[in-house]
Amino acid sequence: MATSLVYVAAATNRFNQAADISPSSLIAFGSSNLIALWDLDVNFKRYGVSETLPGSQSLITCVKFLTNEILISANDAGILSAWKKRSSQAGKAFSLRLWQNTSTIQAHPKSISTLCVQGDRIVTGSSDASIKVWKFIERNDKDDIIESQSIDLKGKFPLTSALAYLPQTKVSLLAIAGTDTLVQLWVCSDDKYVHSATLAGHEDWIRSLAFKSPTTNDFPLVLASGSQDATIRLWNIEPWKKVSTSMKSSGSMEAIDELLDNFEASLGDLGDSEEGGRQISLKHHILTVKTSTERYGSTPTLLSTSTDSSLILWSPSTVFDPSTDESSSIWINRQRFGDVGGQRLGGFVGGLWARNGGEALAWGWAGGWRRWMSRNSSKEIADEIWNESGAVTGHNGPVKGLDWSPDGKYLISAGLDQTTRIHGPVFVGDKSQVSWHEIARPQVHGYDLLNVVFIDSLKFASIADEKVLRVFEAPRTFVELAEKLGVAQFAEEEHKRPVGANVPPLGLSNKAINDGPQELVGETDSSRRPFDSELASITLWPETEKVFGHGYESITLGISNSRMLIATACKSTSAEHAVVRVYDTRSYKPVGEPLQGHILTVTRIAFSPDDKYVLTVSRDRSWRLFEVQKTGGYAPIAADKSHGRIIWDCGWSAEGDIFATASRDKTVKIWRKVDDNWKAVNTIKTSQPATAVAFALEDGRKRLLAIGLENGEILIYSGTSTSAGEWHLHETIGSRLAHVDHIHRMAWRPSTSGYDELATCSEDGTLRILRVQSNSD
C-alpha cells in the first residue's frame, strides 16, 4: 500500500523573511510549524505545494537557501535548522523524503527575527538583541553549524540583515537594522566583523535591507533600506577615489539641479489632496525590498512590497531617458501591482523575485500568494507587459472542519481564520491533467468558523463561534466558474441564480447581488481560477437562512446521508444545554424534541448511512445512540461510558452495522449490535490520543478505517465486512505526508475511480488530500 500527496493548502507565516527562492526556482516558505516547498519550474502554472518538511516544534520565522541543495530555517523558539536535498532518482524530481534535516541547534534563547547567508556563512539576529555569525560545515551524514562571533546590539532588536562583498574585493560587509532608525555596517576583518559605519536618515523602524552588487568596476555597491516611515532609501558604497575639483564636477551638479527642477515641475500640477500617476508618496511602505538578478542587461530593478497591498518595481529614470547621467538619476516606479485600498486585508508581508527577474511574487497578511509574470518578448523595458497568474493559497490558522460535495467533485473547508474555502480539481495545460486549487471563498466571516457541511452540491451550512447556523447558496458566478474550469457540470436551471454576493458595510451576512444597477466588486473571468485578491471579494455566496436555537456558541454540526436533516450542538457545562437539535433542511424547523442525555459539550454528531440512528459523543466521555421514531424525531436507545477521556470523534461504516469512537485515552473502539445491545467488538490502541476517525466508502470487498492522531499521524486499518471485530494495521502515514499537529476532521472522497482519496485538516493550518492505494488496486 503506497500513499501519495494529491493536494496541500498552506498559508505563509506573517514574517517578511518567511520565504525564499532557490536559483532553480524552488520556493520554500514557513507555514505554521512546517516548511512548504513550491516548485515554479517543474510545476509551472500547475501544482502548488508539493511537499512539506516537518521537524520544527515552533513557528517558522525565516527561511534561506544556502545553495540549491541546502536550506536553512529558523523559528520563534530560537532554533536554527539545516535541510539538505538528497540525491533523487532520474525522472523523479519530486520523490518524497528528498529533503532531510541534517543539523539543528539552539542558536538563540529567543525568537530568531532575521537570517541572511553568504557562501558558508550564516548570520542570525534575535529578539534577545544579539546578532550571531555561524559557519556551515558540510559532512556526509550530519552537517555542523558552528558559532564564530556574537554581536551585542545593546537592547535594540534586529529586524533585518543583509550580506554583500565590498566593491572590487572579497571582504564581507554586513548590514544590520531594526528597532531604531539607523543602519549599522560591519566589515569582516580576520574572520570577525568590526563596526564600520552608521547610516542615519530613516525616521522609524527599519524592516528590510537588500544589496545590489555592482556588475562592473564602474558601478557602486547599492544598499536599499525600507522602513516603517514609508520610504525606501538607497545608499551607494563605492571605493574612495581622490579626485581633483574640476569644471566637470560643477557641470554635473548643475545637471542634478536641472533634473530636480524638472521633476518638481512635473508634480506641480497636483494639489495636496489630489492623487496622480506620478505621486511619490509611499503610504504604508515598506515591508520588504529585494533587488533583482540581471534580466535587462545592466538595468538595476528594486522590488518593494507594502502593507497598502501594492508591489512596486523601481528603476533609475535612465531606463526611459538614456541621455540622463545614471549617477544623478532618480528612481521611479516602473510597474505597480496589487490592489487599491487593500489595507483592510493587511497588505503584503513580503516579496520575491523569480526566474531571473521575469516573475515577481508577494504573500499577504492572510498568507496567500500573488504572482505576476512578464510577457516581454522584445527585451525592451518600455514594452514589457506583466500579467497576474495563479498562486498558492491556504487557511491562515487551524482548519476545523471539511466536507466533500455529495458527488465528490469538490471539497469545502472551514478554519479559525474566519473563512470557508472551496477546493477543486482544475484542468491544466491541454486538459489532460488536473491540479487542485482553491476556487472560491464563499464565506468571509467575523467569527472563527468551526464546521461546515454540504446540504447539496450548491448549498452548504456552517457554524462559527456564535449561536447561529448559517446556510449559503451558490451564485451563478460559481456555477459558471466550476463548469468552465472542468470541476463539475450542472443542470441548466441551476444557472438561474443571483449573480453573486457582497457584505454590506457594518454587516456580517452575505447579501445576494442580482443583475441590475448593483455591480460586483470586480470583473469575473471564468476561464481561469480566481486569484487570491478575487477570492476574498468576488467569490462570496449569498446567505439564505439563519437557524437559531442554542443558548451558547455552536461547537459541532452533522448532516444526514439523505441531506434532509441537519443536527447541531453547542458549548455546554450542564445537561440543560448539552443537547443536540435536529432541523429539516427544507424548512429549517426543528424535527422532534432536542436529543438529551449528555452532561457536557457534544463533540461530534454522526448519522448512520440509512439515517435510522443518530450517534453523539461528548466531553463527558460517553456516547449515546438515538433511533428514529414514526413521529419523525429521534429517541435514545443506547449509551456507554467505557472510554476514560474525552471522545473526540465518531463515524459509521458504509454498511451501517458498526461504528467507531476515538478518544483521548489512546483507544479507538469498534461497536456492533449484539443481541439488541451495542457492544465493543474491538479496541484499537494508539500511541497518541485519537482525535479523528473515518470509514472508507467501500463497495463491500473490504473496509478501510482511517484514524487521525494528536501528533498529526494517520493510521489506516483494514478489515472485512464479514468480520466486524478483526482490524489490522495497513499503513502508518507519518508527518512527511500527514500533519504535525492535532487532526480535526477526516473524510473519504465519494468516488468510483478505483482509488481512495482521504481529505484531512489539522491544527497545523494545512488541508491535505491523500491518495491511499489499497492492495486490490
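How each quantity is defined
- Every chain begins its residue count from 1, and numbering advances along the sequence as written.
- Only residues with pLDDT of at least 70 get local features here, since the model is predicted, and only at 80 or more are side-chain atom pairs given and counted; chain-wide, interface and lining totals rely on the full set of residues.
- Side-chain numbers here rest on the full set of heavy atoms in the structure, without hydrogens or water.
- Here the term buried applies to any residue with accessible area under 20% of the maximum for its type, exposed to any over 50%, and partly exposed to those in between, with areas from a 1.4 Å probe on protein chains only.
- Every helix listed is a DSSP run of H or I at least four residues long, and every strand listed is a run of E at least two residues long, numbered separately from the N terminus.
- In short, DSSP must find at least two bridges between two strands for them to pair.
- Note on terminology: pairs of cysteine sulfur atoms within 2.5 Å are recorded as disulfides.
- Contact criterion: two residues are considered in contact whenever any of their non-hydrogen atoms come within 4.5 Å of each other.

Novice: Which parts of the structure should I look at to understand the pairing of strand 34 (residues 459-464)?
Specialist: A regular strand carries its side chains on alternate faces of the sheet. Counting buried positions along strand 34 gives 6 out of 6 residues, so the element sits mostly inside the fold. Both faces of strand 34 are covered, namely the face carrying K459, A461 and I463 and the face carrying F460, S462 and A464. With 6 bridges joining them, strand 33 (residues 449-456) and strand 34 adopt antiparallel strand pairing. Bridge assignment links N451 to a residue of strand 34, and that residue is I463. The loop that links strand 33 with its antiparallel partner strand 34 comprises 2 residues. The pairing of strand 34 with strand 35 (residues 469-473) spans 5 bridges and is classified as antiparallel. Within strand 35, the position partnered with F460 by the bridge is F472.

Novice: Whenever I open this one, the pairing of strand 22 (residues 302-305) confuses me. Can you help?
Specialist: Residues L302 and S304 point to one face of strand 22 and L303 and T305 to the other, with burial holding for every one of them. Here strand 22 runs beside strand 23 (residues 310-316); their pairing, made up of 4 bridges, is antiparallel. Each bridged residue has a counterpart across the sheet, and for L302 the counterpart in strand 23 is W314. Once strand 22 ends, the chain turns through 4 residues before running back antiparallel as strand 23, passing S309 with a positive phi of about 65 degrees.

Novice: Honestly, the state of the cysteines in this entry has me stumped. Any pointers?
Specialist: In a disulfide, the sulfur atoms of two cysteines are covalently bonded to one another. Enumeration over the complete set of coordinates arrives at 0 disulfides. The structure places no disulfide on C62, whose sulfur is separated from the nearest cysteine sulfur, that of C116, by 9.7 Å.

Novice: Help me out: how do you make sense of the environment of I769 in this one?
Specialist: Of note, I769 is situated in strand 56 (residues 767-772). Each C-alpha atom, one on I769 and one on A738, is 9.3 Å from the other, the two residues being 31 residues apart in sequence. When sequence neighbours within four positions are dropped, the list of residues in contact with I769 reads S4, L5, V6, Y7, W404, L411, W436, E757, L758 and A759.

Novice: Before we go on, may I ask you to explain unusual backbone geometry in this structure?
Specialist: Generally, phi is negative for residues other than glycine and the peptide bonds are trans, each holding for most cases. At S25, a residue that is not glycine, the phi angle is positive and equals roughly 70 degrees. Tracing the chain through its elements places S25 in the loop between strand 2 (19-21) and strand 3 (26-31). By relative accessible area, which is 6% here, S25 ends up buried. Within the chain, A230 stands out as a residue other than glycine whose phi angle is a positive 75 degrees. Take A230: it is sitting in the loop between strand 19 (221-227) and strand 20 (232-237).

Novice: Would you mind going over the environment of I237 with me for this structure?
Specialist: Locating I237 in the fold gives a position in strand 20. A relative accessible area of 15% places I237 in the buried class. Here the alpha-carbon distance between I237 and L221, two residues 16 residues apart in the chain, equals 4.9 Å. Setting aside chain neighbours within four positions, we find I237 in contact with L166, P167, L173, L185, F211, P220, L221 and L223.

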